Amino acid sequence: GAVVSQHPSRVICKSGTSVKIECRSLDFQATTMFWYRQFPKQSLMLMATSNEGSKATYEQGVEKDKFLINHASLTLSTLTVTSAHPEDSSFYICSAGSNQPQHFGDGTRLSIL
Amino acid sequence: GDSVTQMEGPVTLSEEAFLTINCTYTATGYPSLFWYVQYPGEGLQLLLKATKADDKGSNKGFEATYRKETTSFHLEKGSVQVSDSAVYFCALSPLDAGSRLTFGEGTQLTVNP
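The model shown is predicted, which means the values in this text are computed figures rather than measured ones. (Residues numbered from 1 in each chain as written. Chains lettered and ligands numbered in written order. Predicted model: local features only at pLDDT ≥ 70, side-chain atom pairs only at ≥ 80, totals over all residues. Heavy atoms only, no water.)

### Focus: the sheet that holds strand 8 (residues 62-65) of chain B
Residue and element names in this part refer to chain B. Using the following cut-off: Strand pairing is assigned whenever DSSP identifies at least 2 bridges connecting the two strands. Starting at the N terminus, helices and strands are each numbered in turn, a helix being any DSSP run of H or I of at least four residues and a strand any DSSP run of E of at least two. To obtain an axis, a line is fitted to C-alpha atoms, over the contacting stretch when the element is a helix, and the angle between two such axes runs from 0 to 180 degrees between their N-to-C directions.
Reading across the sheet, the four strands line up as 3-9-8-7 and stay open at both edges, with antiparallel pairing between neighbours. The strands lining the two open edges of the sheet, one partner per strand, are strand 3 (19-21) and strand 7 (56-59). Recorded for the sheet is a direction-independent mean angle of 15° between the axes of neighbouring strands. Sheet topology note: the strand 8/strand 9 (residues 75-77) ladder contains three bridges and is antiparallel. Within strand 9, the residue paired with E63 across the bridge is E76.

### Examining the interface of chain A and chain B
To keep it simple, the criterion reads: Contacts are assigned to residue pairs with any non-hydrogen atoms lying within 4.5 Å of each other. Throughout, the accessible surface (probe 1.4 Å) given up by two parts as they are put together, summed over both, is called the buried area. Between Lys or Arg on one side and Asp or Glu on the other, a salt bridge is scored when a side-chain nitrogen of the former is within 4 Å of a carboxyl oxygen of the latter. N or O atoms within 3.5 Å of each other form a polar contact, as long as, within protein, one can give a hydrogen and the other can take it, and as long as residues adjacent in sequence are counted only when both atoms are side-chain atoms. Gly counts as polar in this scheme, as do all residues outside two lists: the nonpolar Ala, Val, Leu, Ile, Met, Phe, Trp, Tyr, Cys and Pro, and the charged Asp, Glu, Lys and Arg.
Taken together, the contact pairs 19 residues of chain A with 17 residues of chain B. Counting the surface lost from both chain A and chain B, the interface buries some 1400 Å², and carbon and sulfur atoms represent 55% of this. Looking at the side of chain A facing chain B, the largest losses of area belong to S43(A), Q100(A) and F104(A), adding up to 35% of the total buried there. In this structure, the connection of chain A to chain B is made through one salt bridge. Note that R100(B) and E59(A) form a salt bridge whose closest N and O atoms lie 2.9 Å from each other. Put simply, chain A and chain B have five residue pairs in polar contact (both at pLDDT 80 or more) between them. Counting only elements with at least two residues in the side of chain A that touches chain B, the list comes to strand 4 (32-38), strand 5 (44-51) and strand 9 (90-96) of chain A. Per-element tally for the side of chain A that touches chain B: the top contributor is strand 4 of chain A, with three residues. By residue class, the composition of the side of chain A that touches chain B is eight nonpolar, nine polar and two charged.

### Quick word on the pairing of strand 8 (residues 76-81) of chain A
Within a regular strand, side chains alternate between the sheet's two faces. Residues and elements named next belong to chain A. Threshold: Burial here depends on accessible area, computed with a 1.4 Å probe over protein chains only, as a share of the maximum for the residue type. Under 20% is buried, over 50% is exposed, and the range in between is partly exposed.
Within strand 8, six of the six residues are buried, which leaves it mostly tucked inside the rest of the structure. Covered by surrounding structure in strand 8 are L76, T78 and T80 together with S77, L79 and V81, the residues of both alternating faces. Sheet topology note: the strand 3 (residues 19-25)/strand 8 ladder contains six bridges and is antiparallel. For V19, the partnering residue across the bridge sits in strand 8 and is V81. Bridge count for strand 7 (residues 67-73) against strand 8 is five bridges, and the pairing is antiparallel. Of the residues in strand 8, the one forming a bridge with N70 is T78. The antiparallel pairing of strand 7 with strand 8 creates a hairpin that spans two residues between the two strands.

### Quick notes on the environment of A27(B)
All names here are of chain B. For A27, the position within the fold is in the loop between strand 4 (23-26) and strand 5 (32-38). As a C-alpha pair, A27 and F62 span 35 residues in sequence and 24 Å in three-dimensional space. In contact with A27, not counting residues within four places along its chain, are D2 and L92.

The quantities given are spatial measurements derived from coordinates; they are silent on function.
Below you can see the structure in the form of structure tokens.
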């Protein structure tokens, strides 16, 4: 069964709305989780590394104020897309695991109208 | 920085055909190499991996050999099935960068009956 649960699987909302995506490790503790973004027919690009109990590490070009990450417990990281706009529409995927291989969530399809 | 290059897709094959998807990488040191598969609307699943030179990863009839001399990790399967239709991603993880992954562009495979 799934070892990483991501919720919701799909979100459709109006421009200007903030959207929260959850990533949970189900049967292990994850001090580090990773958030990726995937545009249609493109590869996954790492957005940020979520660290339990400390600030997330963002990749170059990713706006930290736009994509808020909270990793408040050893089993939960959340990604909040603040004031979302149509250009934020994408497929967001999280992963977790102390070593390789990483376990991936099923992803969240975000559509901003 | 690290990078992964995959052969361009899409790839369309008939059932029972031989499959090769090329993957080459650029990295310092000795990264771990992976192939992930993504079925429509789903997250990523690890297909196989290799952690050192000359290692061969295999799973579900798929194989890939870690070739340091050619910096390659080509994916092969002797006889594809319709159920193998998916997007395949080659990825690497540097030893000194935790578990973050750098992905190739992905290759869409369609197998026709």
